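Close look at the chain arrangement
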Amino acid sequence: MSIKMQQQEHTEQFIEQAAAYFDQLVPIATDDELFAAGYLRGHVDLVVGTLQVTEQPFHVSDIVAQVEQSLAQAITGGELTEQDQQQVRAVWQQLQSSCETSSSN
């Protein structure tokens, strides 16, 4: 398998794992966690959708960088309270860790 195919497969796995991560939170998360996860999912979905529309190859690092940028813009724009920022960042870190752990298995 070529490196490009491996990267594409890894990216697709990340996207699928992210969706599964968000879905699995629904029955077990607190209200604050659900808010943060829903807010973050919106950013992740927007980034992935935008990258897919370009019809250019993209990688997990592109998703992570653009979600980081999107969150930074939202925070600068005053969209989140300090507490919400912390909760969203915590869910974002958990998501990335979860996807890294899953992809290494």
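Computed from a predicted model, the values in this text were never measured in an experiment.

It is at 8 Å that the axes of helix H1 (residues 3–25) and helix H3 (residues 60–76) come closest, and there the two elements cross at 45°. Judged by the angle between their axes, H1 and H3 are oblique. Across the interface between the two elements, His10, Thr11, Phe14 and Ile15 from H1 touch Val60, Ile63 and Val64 from H3. Looking at the contact of H1 with H3 residue by residue, the class counts come to five nonpolar, two polar and no charged.

For any two helices packed against each other, one specifies the inter-axial angle together with the distance between the axes. Taken N-terminus to C-terminus, the directions of helix H2 (residues 31–53) and H3 make an angle of 125°; their axes are 9 Å apart at the nearest point. In terms of axis orientation, H2 runs oblique to H3. Here H2 runs over H3; the crossing is right-handed. Residues Tyr39, Leu40, His43, Val44, Val47, Val48 and Leu51 of H2 form the contact with H3, whose own contacting residues are Asp62, Ile63, Gln66, Val67, Ser70, Leu71 and Ala74. Partitioning the contact of H2 with H3 into residue classes produces ten nonpolar, three polar and one charged.

Analysis parameters
- Residues numbered from 1 in each chain as written.
- Predicted model: local features only at pLDDT ≥ 70, side-chain atom pairs only at ≥ 80, totals over all residues.
- Heavy atoms only, no water.
- Axes fitted to C-alpha atoms, helices over the stretch in contact; angles between N-to-C directions.
- Helix = DSSP H or I, 4+ residues; strand = E, 2+ residues; numbered from the N terminus.
- Parallel < 35°, antiparallel > 145°, perpendicular 65-115°, else oblique.
- Contact = heavy atoms within 4.5 Å.
- Nonpolar A, V, L, I, M, F, W, Y, C, P; charged D, E, K, R; others polar.
- Left-handed = near helix turned anticlockwise from the far one by under 90°.

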